[in-house]
Amino acid sequence: MSETMVESHPRPGTGQAAAPPGGGLLVEFETVYRANFGVVTAFFARRSTDPQTIADLTSDTFVQAIVSFPTFDPGKGTARAWLIGIARRVFAKHCESTSRTRDLVLRLGGHRELDVDEAAELVVRIDAEREGRGLLDAMTSLSALEREVVELVDLVGMTPKEAAVTLGVSSGALRIRLFRARNGLRALAGRKKGQD
């Protein structure tokens, strides 16, 4: 925009001259922008030391301001106060977003190193479950319910009655499934022995 002098009429509350008649809201917004850019930037500079963050927040503030400028009412307050209100909301949203991101990073990357004793205990547990992993691999030929029955009773150690309640089936149905699943696994193990 040119810096030529244009006759203007003051718009109350903006501290600036209003746009010339027919100049539109864009020219008026530019006046408010130029008068308050430093104020908004300083607002964020008091809250952050990162130049990129300050620039982004200032930009976000003016994007929101230009979108809502047609609804700005100078009778309710100055343009500066209106812009600082927008800046406060932009900063609050930024803080909330940064906090959520930081929490997520901490949750994902916040795993502590295991000490030697904990690592050794886990190695023993992993080794102890080797047979269980082999059993789970062998169970792929069983139905989903039969796999769950065998896992709950033979690996987890539940009683058939507890497993039935967990799976939402009757105890009788569970015992039949367990019997079939175990027979299927025995037959599979027998076939594997015959192949070796």
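Each residue is numbered by its place in its chain's sequence as written, counting from 1. Where totals are concerned, whole chains, interfaces and linings use all residues; where local detail is concerned, this predicted model gives features only for residues with pLDDT of at least 70, and gives and counts side-chain atom pairs only at 80 or more. Derived side-chain values reflect all non-hydrogen atoms in the structure, with water molecules and hydrogen atoms excluded from consideration.

Trainee: Help me get a handle on helix H2 (residues 51–68), residues and values and all.
Mentor: The secondary structure listing takes helices from DSSP runs of H or I that are at least 4 residues long and strands from runs of E that are at least 2 residues long, numbered from the N terminus. Take the number of residues in a helix, subtract one, and multiply by 1.5 Å to get its expected span. Taking 1.5 Å of rise per residue, 18 residues should cover 26 Å, and H2 covers 26 Å from first to last C-alpha, within 8% of that figure. Residue exposure (1.4 Å probe, protein chains only): buried if accessible area is under 20% of the type maximum, exposed if over 50%, otherwise partly exposed. Every buried residue of H2 is accounted for by Thr 53, Ile 54, Leu 57, Thr 58, Thr 61, Phe 62 and Ala 65. When H2 is viewed along its axis, its buried side chains cluster within an angular range of 160° and face the same direction. Directions pointing from the helix axis toward each C-beta atom define the arc.

Trainee: Please provide a residue-by-residue account of the confidence of the model for the protein, values included.
Mentor: Every residue gets a pLDDT, meaning the predictor's confidence in that residue, from 0 to 100. Chain-level statistics for the protein give a pLDDT mean of 79 and a share of 79% at 70 or above. Mean pLDDT in the protein bottoms out at helix H5 (residues 130–138), which sits at 69, and peaks at H2, which reaches 93. Contact between two residues is taken to exist if any of their heavy atoms lie within 4.5 Å; hydrogens are not considered. Note on residues 1–14: pLDDT is under 50 here. Beyond four places in sequence and across chains, it has 30 contacts. Taken as a whole, residues 17–22 scores under 50 in pLDDT and shows 16 contacts with residues more than four places along the chain or in a different chain.

Trainee: Give me the packing of helix H7 (residues 160–167) against helix H8 (residues 171–195): which residues, what numbers.
Mentor: All axes here are fitted lines through C-alpha atoms, helices being fitted over the stretch that makes contact, and every angle between N-to-C directions spans 0 to 180 degrees. At a minimum axis separation of 9 Å, H7 and H8 run at an interaxial angle of 105°. As summarised for this structure, H7 and H8 are arranged roughly perpendicular, according to the angle between their axes. The segment H7 lies against H8, with Pro 160, Lys 161, Ala 163, Ala 164 and Leu 167 engaging Ser 171, Leu 174 and Arg 175. Roughly parallel refers to an angle under 35 degrees, roughly antiparallel to one over 145, roughly perpendicular to one between 65 and 115, and oblique to any angle outside these ranges.

Trainee: Account for the pattern of salt bridges, with residues named and values stated.
Mentor: Any carboxyl oxygen of Asp or Glu within 4 Å of a side-chain nitrogen of Lys or Arg constitutes a salt bridge here. Under the definition given, this model contains three salt bridges. With a shortest N-O distance of 2.7 Å, Glu 30 and Arg 34 are connected by a salt bridge. Separated by four residues within a single helix, Glu 30 and Arg 34 lie in helix H1 (residues 24–45), roughly one turn from each other. Look at Glu 30 and you get buried, because its relative accessible area is 17%. The residue Glu 96 makes a salt bridge to Arg 100 at a minimum N-O spacing of 3.5 Å. Separated by four residues within a single helix, Glu 96 and Arg 100 lie in helix H3 (residues 79–109), roughly one turn from each other.

Trainee: Could you give an account of the nonpolar core, with specific residues and numbers?
Mentor: Generally speaking, nonpolar side chains in soluble globular proteins are found buried as a group. Working definition of a nonpolar core: buried Ala, Val, Leu, Ile, Met, Phe, Trp, Tyr and Cys residues. They are joined through side-chain atoms within 4.5 Å. Counting residues in each nonpolar core, the largest one holds 19 residues, and the members touching the most others are Phe 43, Phe 44, Ala 65, Phe 69, Trp 82 and Leu 83. Taken together, the elements giving at least two residues each to this core come down to H1, H2 and H3. For this core, the leading source of residues is H3, giving eight residues.

Trainee: Hey, could you go over a positive patch on the surface for me, with residue numbers and the actual values?
Mentor: Like-charged residues are merged into a patch within 9 Å and nonpolar side chains (Val, Leu, Ile, Met, Phe, Trp, Tyr) within 5 Å, provided each residue has over 30% relative accessible area and no salt bridge. Areas reported here follow the Shrake-Rupley algorithm with a probe of radius 1.4 Å; residue values treat only the protein chains shown as occluding. For the charge count, each Lys or Arg is scored as positive and each Asp or Glu as negative, with His and the chain ends excluded. For charged residues, the charge sits on one atom: NZ in Lys, CZ in Arg, CG in Asp, CD in Glu. A cluster of basic residues, Arg 46, Arg 47, Arg 88 and Arg 89, forms a positive patch on the protein surface. Within the secondary structure, Arg 89 is located in helix H3. When its relative accessible area of 54% is taken as the criterion, Arg 89 is described as exposed.

Trainee: Give me the packing of aromatic side chains: which residues, what numbers.
Mentor: Pairs of aromatic rings are described using the distance from one ring centre to the other and the angle between the two planes. Classification of ring pairs rests on two measures: the distance between centres of Phe, Tyr or Trp rings, Trp counted by its six-membered ring, which must be within 6.5 Å, and the angle between planes, read as stacked under 30 degrees, edge-to-face over 60 and tilted in between. This model, assessed by the stated rule, comprises 11 aromatic pairs. Between Phe 29 and Phe 69, the aromatic rings sit 5.3 Å apart at their centres with planes inclined by 75°, giving edge-to-face as the arrangement. On the criterion of sequence distance, the pair formed by Phe 29 in helix H1 and Phe 69 in the loop between H2 and H3 is long-range, its members being 40 residues apart. Among the residues examined, Phe 69 registers a relative accessible area of 2% and is labelled buried. Taken together, a centroid distance of 4.7 Å and an interplanar angle of 35° make the contact between Phe 72 and Trp 82 tilted. Of the two residues, Phe 72 sits in the loop between H2 and H3 while Trp 82 sits in helix H3, which places them 10 residues apart along the sequence. Given the relative accessible area of 7%, Phe 72 is considered buried. The class for Trp 82 is buried, based on a relative accessible area of 18%. Aromatic ring contacts, followed pair by pair, group Phe 29, Tyr 33, Phe 37, Phe 62, Phe 69, Phe 72 and Trp 82 into a single cluster. Above the plane of the ring of Phe 43 lies Arg 47, whose end atom (NZ or CZ) is 3.7 Å from the centre. Here, a charge over a ring means that NZ of Lys or CZ of Arg falls within 6 Å of the ring centre while also lying within 35 degrees of the ring normal.

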